[in-house]
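Coordinate analysis (summary)
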Amino acid sequence: MTSRPPSSSRIWPLFALNFFMADMQSGIGPFVGVFLQERGWATGLIGTAMTIGNVAGMLVTTPIGGFIDSSRNKRLWVVIPGICVVLASAIILISQNFWAVTFSQVAQSLASAAIVPAVTGITLGIAKQKGFNALNGRNQAFNHAGNMVGAALSGYLGYRFGYVAVFVLAAVFGAIAIACVMMIPAKAIDDRAARGSKEDDSKAPPDAMTMLLKHKALLVLALALAVFHLGNAAIVPLYGLAAVAEGQANGPSFVATTVVIAQGVMIVTSLIAMKAASKRNYWPVILVSFMFLPVRGVLAFFVTGWWGVIPMQVLDGIGTGLQTVAVPGMVARALNGSGRINLGQGAVITLQGIGASLSPALGGWIAQWIGYGPTFLLLGGFGLASMVLWLAFGAAVKKY
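Sequence order as written defines residue numbering, which begins from 1 separately in each chain. Reporting of local features is limited, given that this is a predicted model, to residues whose pLDDT is at least 70; pairs of side-chain atoms are given and counted only at 80 or more, and all residues count toward the totals for whole chains, interfaces and linings. The basis for every side-chain value is the complete set of heavy atoms in the structure, and neither hydrogens nor water enter the calculation.

Some points on the overall build of the protein
- Comment: elements are numbered from the N terminus, with helices defined as DSSP H or I runs of at least four residues and strands as E runs of at least two. In terms of helices and strands, the protein carries 16 helices and 0 strands.
- When accessible area is computed with a 1.4 Å probe and restricted to protein chains, residues below 20% of their type maximum are described as buried, those above 50% as exposed, and intermediate ones as partly exposed. Scored against the burial criterion, the 400 residues of the protein give a buried share of 60%.
- Working rule for contacts: check all heavy atoms of both residues, and any pair within 4.5 Å makes them a contact. Put simply, of all contacts in the protein between residues at least 6 apart along the chain, 87% involve residues at least 24 apart.
- For the accessible areas, the method is Shrake-Rupley and the probe is 1.4 Å, while residue cover comes only from the protein chains on display. Carbon and sulfur atoms provide 69% of the accessible area of the protein, an area that totals close to 15,500 Å².

The following block contains the structure:
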């Protein structure tokens, strides 16, 4: 018996959710740095506030994955992040006090932590394991399109009306995403398929770190991503700060341009990754994604401002676009039948988040001490370390 393809009443709200949830993942994040810099904040303090928010998100990602696995209302875990995004935007507009800004970053991080496993679970519940790769690839294409449109609007509105318009737009996107997920019929989401369970398993979920330690492939994946994002997460914010600090670019429009270019490339790359993974596996896709970070570090060292935006962001779009499809796809494939796919997603994202959460503070303080150029080279070097790790343990991960 073959499963029927999901109906349009389920698919189009899901695609719309992926489009509008873009600001729930990145939201005001790319604009916060230049917003605060123009208000007299030093790069070290900006990085510290963002890191505290990222650490909070990292700590809740794994338990949220477990809650999503056991939840009978997967849509709720999209509604909650939507509310967090609205709060984050409102808080930073009301006050630029350090702790107020930090709290807004915590709210944004909570949204980012929940949205990926939640939408992964919903997608699995609709498409089942067999249809997941294809539907997830199209999800990511819509998600990157949403990021591109959102960034373009943010740049235009920020240029015309200031940062208030940027943060209001993020809140509006969050509210629309909530409406979109509520348009997906609850009965269209198979709870057992959504957590990768072949039968209705009522046993208590295992501890996430125990799961990773027992599953070598996922542990290698998580560690390689943590190292990669320790370098990657700070490059775009620092690149924007460097250009704005040198007077080479308008803050909102520059940041928006960097995001638009990267997301446009990601639309195409995510569809290519979907095709590549369906023919082989995810190992080579993830390996290629690591290669682009050291190249970006070298490029950022030599070129700043508008001249470097296009090549920098094209490379970022390729690397990140490959990962947005390959990482959740590999986790779903590796844990198929376990009933703990979203817990596994949360565990991998948590270790990945350790790198990403430390990156802004690391990059910000180093840039403050030795300048932007050498910092870019240092951050790019983490991509080489990820490649070495991925190749060294290739035997454990190539089967997925």
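There is more to say, and it comes next.
Structural notes on helix H5 (residues 76–94)
- Given a rise of 1.5 Å per residue, 19 residues ought to cover 27 Å, and the 27 Å separating the end C-alpha atoms of H5 matches this to within 8%.
- Listing the buried residues of H5 in full gives Trp77, Val78, Val79, Pro81, Gly82, Cys84, Val85, Ala88, Ser89, Ile91 and Ile92. In a helix, the anticipated span is given by 1.5 Å times the number of residues less one.

A look at the nonpolar core
- Leu221, Ile286, Phe290, Met330 and Trp390 are the most contacted members of the largest nonpolar core, which has 48 residues in total.
- Of all the secondary-structure elements, those providing two or more residues to this core are helix H6 (98–161), helix H10 (216–245), helix H11 (251–279), helix H12 (283–302), helix H13 (306–334), helix H14 (341–370) and helix H15 (372–392).
- Take this core: its biggest share by element is 13 residues, from H10.
- Here isoleucine 286 is in contact with Leu221, Ala326, Met330 and Trp390, once residues within four sequence places are set aside.
- Listed in part, the 26 residues of the second largest apolar core include Leu17, Ala113, Ala118 and Val181. Nonpolar cores were defined as sets of buried Ala, Val, Leu, Ile, Met, Phe, Trp, Tyr and Cys residues, with membership established by side-chain atoms within 4.5 Å.

So, a nonpolar patch on the surface
- Every patch collects residues that have over 30% relative accessible area and no salt bridge, joining them within 9 Å if they carry like charges and within 5 Å if they are nonpolar side chains (Val, Leu, Ile, Met, Phe, Trp, Tyr). Definition used for salt bridges: Asp or Glu carboxyl oxygen within 4 Å of a side-chain nitrogen of Lys or Arg. A surface patch of nonpolar side chains, about 340 Å² in accessible area, is lined by Leu93, Val164, Val168, Val172 and Ile176.
- Looking at the element boundaries, isoleucine 176 is found in helix H7 (residues 163–182).

Things to note about the pattern of salt bridges
- According to the stated counting rule, one finds 3 salt bridges in the structure shown.
- With a shortest N-O distance of 3.2 Å, aspartate 191 and lysine 74 are connected by a salt bridge. Note that aspartate 191 is positioned in helix H8 (residues 191–194) and lysine 74 in the loop between helix H4 (43–70) and H5, a separation of 117 residues in sequence.
- Here aspartate 316 makes a salt bridge to arginine 296, at a shortest N to O gap of 3.5 Å. Here aspartate 316 is found in helix H13, whereas its partner arginine 296 is found in helix H12, with 20 residues between them in sequence.
- What makes aspartate 316 buried here is its relative accessible area of 9%.
- When salt bridges with common partners are traced through the structure, they connect Arg72, Lys74 and Asp191 into a single cluster.

What about the side chain of asparagine 136?
- Structurally, asparagine 136 is set in helix H6.
- When its relative accessible area of 4% is taken as the criterion, asparagine 136 is described as buried.
- When near neighbours in sequence (up to four residues on either side) are disregarded, asparagine 136 contacts Thr123, Thr324, Val325 and Pro328.

Quick look at the confidence of the model for the protein
- Note on scores: pLDDT gives the predictor's confidence for each residue, bounded by 0 and 100. For the protein, per-residue confidence averages 79 on the pLDDT scale, and residues scoring 70 or more make up 85% of the total.
- Confidence scores differ between elements of the protein, with helix H9 (residues 208–214) showing the lowest mean pLDDT of 63 and H15 the highest of 90.

A word on the environment of leucine 14
- Assignment of secondary structure puts leucine 14 in helix H1 (residues 8–20).
- We classify leucine 14 as buried; its relative accessible area is 0%.
- For the pair leucine 14 and methionine 183, spaced 169 residues apart in sequence, the C-alpha to C-alpha distance is 8.6 Å.

Some words on the packing of H6 against H14
- In this analysis, axes come from line fits to C-alpha atoms, helices being fitted only over the stretch in contact, and the angle between any two N-to-C directions falls in the range 0 to 180 degrees. As a packed pair, H6 and H14 sit with axes 10 Å apart at the nearest point and diverge in direction by 145 degrees. Where H6 crosses over H14, the two elements pack in a sense that is right-handed. Between H6, through Val116, Pro117, Thr120, Gly121, Leu124 and Gln129, and H14, the contact on the second element is made entirely by Ile341, Asn342, Gln345 and Ile349.
- Amino acids outside the nonpolar list (Ala, Val, Leu, Ile, Met, Phe, Trp, Tyr, Cys, Pro) and the charged list (Asp, Glu, Lys, Arg) are all regarded as polar, and Gly is one of them. Residue composition of the contact of H6 with H14, grouped by class: 5 nonpolar, 5 polar and no charged. Two helices that cross are described as forming a left-handed crossing if the nearer one is turned anticlockwise from the farther one by less than a right angle, and a right-handed crossing if clockwise.

A short note on the packing of aromatic side chains
- Under the pairing criterion, centres of Phe, Tyr and Trp rings, with the six-membered ring standing for Trp, must be within 6.5 Å; the plane angle then separates stacked pairs below 30 degrees from edge-to-face pairs above 60, leaving the rest tilted. Scanning the entire structure with this criterion turns up 10 aromatic pairs.
- Taking 5.5 Å as the distance between ring centres and 85 degrees as the angle between the ring planes, the aromatic pair formed by tryptophan 12 and phenylalanine 15 counts as edge-to-face. One end of the pair is tryptophan 12 and the other is phenylalanine 15, both in helix H1 and 3 residues apart, which spans about a single turn.
- With a centroid separation of 5.3 Å and an interplanar angle of 70 degrees, the aromatic rings of phenylalanine 20 and phenylalanine 173 are classed as edge-to-face. With phenylalanine 20 in helix H1 and phenylalanine 173 in helix H7, this pair connects stretches of sequence that are 153 residues apart.
- One aromatic cluster is present, formed by Trp12, Phe15 and Phe142 through successive ring pairs.

A word on the packing of H4 against H6
- Between H4 and H6, the least distance of the axes is 7 Å, while the angle of their chain directions is 35 degrees. Note that H4 runs across H6; the crossing there is right-handed.
- Grouping the constituent residues of the contact of H4 with H6 by class yields 17 nonpolar, 8 polar and no charged.

Remarks on the environment of threonine 51
- Along the polypeptide, threonine 51 turns up in helix H4.
- Using a relative accessible area of 10% as the deciding quantity, one classes threonine 51 as buried.
- Expressed as a C-alpha distance, the spacing of threonine 51 and threonine 102, which sit 51 residues apart in the sequence, is 8.7 Å.
- Beyond its immediate chain neighbours, meaning those up to four positions away, threonine 51 contacts Ser357, Leu358, Pro360 and Ala361.

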